[in-house]
Amino acid sequence: MLTINKLSFWEKELYFKDVDFMICGAGIVGYSAALEIRSKFPDAKIVILERGYLPTGASTKNAGFACFGSPSEILDDLSHSTESEITALVARRHEGLQRLLERCGEKDIDYLPLGSFELFTETNRKTYSNCLEKINFLNQLAFKATGIEDCYSPVSVNEFPFAQTVGMLRNKGEGQINTGLMMHKLHQLAVDQSIHVLFGIEIIEWESYEEHVIINSSIGEISCAKLIIATNGLSSNILPEEDVSPARAQVIITRPIQNLPFQGTFHYDAGYYYFRNIGNRVLLGGGRNLDMEGETTDQFENTPSILSALTQLLSTVILPQIPVEIEHQWSGIMGVGKTKQPIVKKISPLVTVGIRMGGMGVALGSLIGKELADLQN
Ligand SMILES: Cc1cc2nc3c(=O)[nH]c(=O)nc-3n(C[C@H](O)[C@H](O)[C@H](O)COP(=O)(O)OP(=O)(O)OC[C@H]3O[C@@H](n4cnc5c(N)ncnc54)[C@H](O)[C@@H]3O)c2cc1C
């Protein structure tokens, strides 16, 4: 690899001299922060450094649910946090989604407002009863957070081809996007606004001085006026003090299925499983709860036990009548901590972090970008 001292005069001048804002991480948060900073500082030199040849965390690997909270997940969250905290979190997710759609354009990222559904099988019958009992409360919370009236409602299980389902709840405010197109669009917008995006450079450590930040990177030492860290679940090396751990999420996708009998996004088992159609294929992810310890890792792998749980769910509940073939599987790394609240703060006068997006960074990411820009002066 060419280190920085072997670069040409032109390369050094263009990408590394007098950088006003250096952003670490080309995920949704990194791109959104860069674009928000561009609106606030039209003449600033903004550079995003990304360690991978592609963004290599969660933003290009997720399921593309444009979601802000399924009924059982919200009730579960309320057992660990106060009602006002959860209302505020749902409101931030919803606002983030609106910002994402506005920035990227619904058409350009294939946004489909099909609503979403939470399904319950015999094993979650009690959870279903609890959600039904509290549906008015959940609707009030969702209305306060999003302005959507009667967000959640029961639907007949007969509307869908799933087996073993004892109940279904609809969320009319959610939808789905094409994850690849979303990231492509964010990249295009960044390039259009003279934001430099440099792939294949990893930040190893950094030191903040009075007037600048010195970064030790995989290509050598780089200086910038301000550093914004958007490394989410991959932050432990450069932000060891912060409460964020890697959380792997595994996904499978089927080959095309003739006459696929459903469309939309579906949550199952308090959000631990999720599936959707992508055209006439099914994408299914989850199962982290089967091996929390093993899945607390930043390694991009798939494991036989989780793949087997996913394929079993597919063949017993989701598409019991139809033989399906798995075409491909992958994994991505999320960032989680003791609470589901993201961390957005200054950790020194010149260094800001926006991390810990949990399982809903598609929703939160654009707003976190705005909040990171608001912290810059
Ligand atoms: C399989 C899966 C399914 C998901 N499904 C959904 C969903 O349907 N809906 C939803 O809302 N959310 C979903 N999520 C979560 C969502 O994708 C994330 O919350 C979101 O993408 C986080 O964005 P980010 O920019 O904070 O982090 P990331 O996308 O992880 O970006 C961080 C970037 O920083 C780079 N980086 C890390 N360390 C360094 C370093 N030292 N130097 C340089 N670069 C570095 C990484 O390579 C990475 O590209 C899912 C996640 C996964 C893994």
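Going by the structure above, here's the rest.
Residues numbered from 1 in each chain as written. Predicted model: local features only at pLDDT ≥ 70, side-chain atom pairs only at ≥ 80, totals over all residues.

**Regarding helix α8 (residues 304–318)**
Next up, step 1: The terminal C-alpha atoms of α8, which comprises 15 residues, lie 20 Å apart, in line with the 21 Å expected from a rise of 1.5 Å per residue.
Next up, step 2: Summarising the contacts, the buried residues of α8 are in contact with β13 (245–254), β15 (273–278) and β16 (281–286). (Helix = DSSP H or I, 4+ residues; strand = E, 2+ residues; numbered from the N terminus. Expected span 1.5 Å × (residues − 1). Contact = placed C-beta atoms within 7 Å.)

**Digging into the site of the ligand**
Next up, step 1: Surveying the vicinity of the ligand reveals 42 residues, the closest of which are Gly 25, Gly 27, Gly 57, Gly 332 and Gly 361.
Next up, step 2: Broken down by secondary-structure element, the contributors of at least two residues to the shell around the ligand are α2 (28–40), β2 (46–50), β13, β17 (326–336) and α9 (361–374).
Next up, step 3: Here the shell around the ligand is composed, by residue class, of 21 nonpolar, 17 polar and four charged.
Next up, step 4: Three or more residues apiece are contributed to the shell around the ligand by two domains, here domain 1 (4–61 + 180–244 + 339–374) and domain 2 (111–174 + 245–336). (Near = placed C-beta within 6 Å. Nonpolar A, V, L, I, M, F, W, Y, C, P; charged D, E, K, R; others polar. Domains from an automatic or database assignment.)

**Side note on the packing of α2 against helix α7 (residues 179–192)**
Next up, step 1: Two elements in contact, α2 and α7, have axes whose closest approach is 10 Å; the angle formed by their N-to-C orientations is 30°. It follows that α2 is roughly parallel to α7 by the angle criterion. In the packing of α2 onto α7, the handedness of the crossing is left-handed. Side by side, α2 and α7 meet where Ile 28, Tyr 31, Ala 34 and Leu 35 of the first sit next to Leu 186, His 187, Leu 189 and Ala 190 of the second.
Next up, step 2: Looking at side-chain class alone, the contact of α2 with α7 contains seven nonpolar, one polar and no charged residues. (Axes fitted to C-alpha atoms, helices over the stretch in contact; angles between N-to-C directions. Parallel < 35°, antiparallel > 145°, perpendicular 65-115°, else oblique. Left-handed = near helix turned anticlockwise from the far one by under 90°.)

**Some remarks on the sheet that holds strand β9 (residues 203–208)**
Next up, step 1: Spatial strand order, β9-β10-β11: three strands in an open sheet with antiparallel pairing. A single partner strand is all that each edge strand has here, and the edge strands are β9 and β11 (220–224). Averaged over all neighbouring strand pairs, the angle between strand axes comes to 20°, with direction disregarded.
Next up, step 2: Two strands pair when backbone bridges link them, and β9 and strand β10 (residues 213–217) are joined in this way by five bridges, in the antiparallel orientation. Within β10, the position partnered with Ile 203 by the bridge is Ser 217. (Pairing = 2+ DSSP bridges.)

**Quick word on the sheet that holds strand β1 (residues 21–24)**
Next up, step 1: Spatial ordering of the open sheet is given by β8-β2-β1-β12-β19-β18, a layout of six strands whose pairing is mixed. Because the sheet does not close on itself, it has two edges, and the strands there are β8 (196–199) and β18 (343–348). For this sheet the average axis-to-axis angle between neighbouring strands, irrespective of direction, equals 20°.
Next up, step 2: Here β18 pairs with strand β19 (residues 351–355) via five bridges, running antiparallel. Counterpart to Lys 346 in the pairing with β19 is Thr 352.
Next up, step 3: Its contacts with the sheet put α9 on β12 (226–229), β18 and β19, and the angle it makes with β19 is roughly 165°.

Bear in mind that shape data such as this cannot, by itself, settle questions of function.
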